[in-house]
Amino acid sequence: KAGVTQTPRYLIKTRGQQVTLSCSPISGHRSVSWYQQTPGQGLQFLFEYFSETQRNKGNFPGRFSGRQFSNSRSEMNVSTLELGDSALYLCASSLVAGGNYGYTFGSGTRLTVV
Amino acid sequence: SQELEQSPQSLIVQEGKNLTINCTSSKTLYGLYWYKQKYGEGLIFLMMLQKGGEEKSHEKITAKLDEKKQQSSLHITASQPSHAGIYLCGADNSGAGSYQLTFGKGTKLSVIP
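Engineer: Tell me about the overall build of chain A, residues and numbers included.
Structural biologist: Scanning chain A from terminus to terminus reveals zero helices and eleven strands. Mapped from its N terminus to its C terminus, chain A presents α and β elements in the order β-β-β-β-β-β-β-β-β-β-β. Relative to a compact globule of 114 residues, whose C-alpha radius of gyration would be 13 Å, chain A shows 13 Å and is just as compact. Look at the contacts in chain A between residues 6 or more apart in sequence, and 54% of them connect residues 24 or more apart. Accessible area for chain A stands at about 5,200 Å²; split by element, carbon and sulfur atoms hold 48% of it.

What follows is the structure, encoded as structure tokens:
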């Protein structure tokens, strides 16, 4: 079966712009979560969606937002980009969320802010 | 908040040698995942442990969760260059109603042929 698909794979944006990243989960999976990975902070949780509802949000400013559509596909948006937003953004899909069902990660979107 | 500490931060071993990576949690674990990551790529699932004292193996990799469910170890037997990468442990908090993984900083493994 198809894995978790993240698009685009690479992005270069200018400070102050906004960006939208997309994640298509494994078919049938209803939970999608997003993580930011940087060399300094490691992997940090952004938010989790289940059946179009945000159930958890990490400690990130309001510039970071997301949504989930009825087909479980999810998007995250970062407005007013800062240099520090440069990171690998990973999404994870799960049948429910964790436990025995586990999380499957996509290949990530590498965002560079210049 | 929960914190996971991994040790060592990096490891360089000769091909064929055994090695162990440790992951210690500041709180009791509901579940613990091990993932492997090649630089700049996604995470590859290795194993998930839930019960105290649980041990799982896949090919040459064995993961254990201690009885108190606060420490886990990942052991690789007879390492190969294909084992090189970053190993990450992640705490599953879904049992506490928090649908997120908390990760350690990772252990970078290099295997010299």
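Engineer: How would you summarise unusual backbone geometry if you had to cite specific residues and measurements?
Structural biologist: Note that the residue after A:T7, namely A:P8, is joined by a cis bond; omega there is -10°. Here A:P8 shows up in the loop between β1 (5–7) and β2 (10–13). Cis geometry marks the peptide bond from B:S7 to B:P8, where omega comes out at -5°. In this structure, B:P8 sits in the loop between β1 (4–7) and β2 (10–14). One non-glycine residue with positive phi stands out, namely A:S72, at about 75°. Counting through the fold element by element, A:S72 comes out in the loop between β7 (64–68) and β8 (74–78). The phi dihedral of B:A78 is positive, around 50°, even though this residue is not glycine. If you trace the backbone, B:A78 turns up in the loop between β8 (71–76) and β9 (85–92).

Engineer: I'd like a rundown of the interface of chain A and chain B, residues and numbers included.
Structural biologist: The interface is formed by 22 residues belonging to chain A together with 20 residues belonging to chain B. Put simply, chain A and chain B have zero salt bridges between them. Remark: the boundary between chain A and chain B carries six residue pairs in polar contact (both at pLDDT 80 or more). Every element with two or more residues in the side of chain A that touches chain B is listed here: β4 (31–38), β5 (42–50), β6 (53–57) and β9 (87–94) of chain A. The element that contributes the greatest number of residues to the side of chain A that touches chain B is β5(A), accounting for four residues. Split into classes, the residues belonging to the side of chain A that touches chain B amount to eight nonpolar, eleven polar and three charged.

Engineer: Let's hear about the sheet that holds β1(B): which residues, and what values?
Structural biologist: All names here are of chain B. Read across the sheet, five strands follow the order β1-β3-β8-β7-β6 without closing on themselves; strand pairing throughout is antiparallel. Unpaired on one side and paired on the other, β1 and β6 (55–58) mark the two borders of the sheet. Along the sheet, successive strands turn relative to each other by an average axial angle of 15°, direction set aside. Where strand β7 (residues 61–65) meets β8, five bridges bridge the pair, whose relative direction is antiparallel. Bridging from a neighbouring strand, A63 pairs with L74 of β8.

Cut-offs used in this document
- Residues numbered from 1 in each chain as written.
- Chains lettered and ligands numbered in written order.
- Predicted model: local features only at pLDDT ≥ 70, side-chain atom pairs only at ≥ 80, totals over all residues.
- Heavy atoms only, no water.
- Helix = DSSP H or I, 4+ residues; strand = E, 2+ residues; numbered from the N terminus.
- Rg over C-alpha atoms; globule rule 2.2 N^0.38 Å.
- Contact = heavy atoms within 4.5 Å.
- Areas by Shrake-Rupley, 256 points an atom, 1.4 Å probe, with all protein chains shown as cover.
- Salt bridge = Lys/Arg side-chain N within 4 Å of Asp/Glu carboxyl O.
- Polar contact = N/O pair within 3.5 Å; in protein donor to acceptor, adjacent residues only side chain to side chain.
- Nonpolar A, V, L, I, M, F, W, Y, C, P; charged D, E, K, R; others polar.
- Pairing = 2+ DSSP bridges.
- Axes fitted to C-alpha atoms, helices over the stretch in contact; angles between N-to-C directions.

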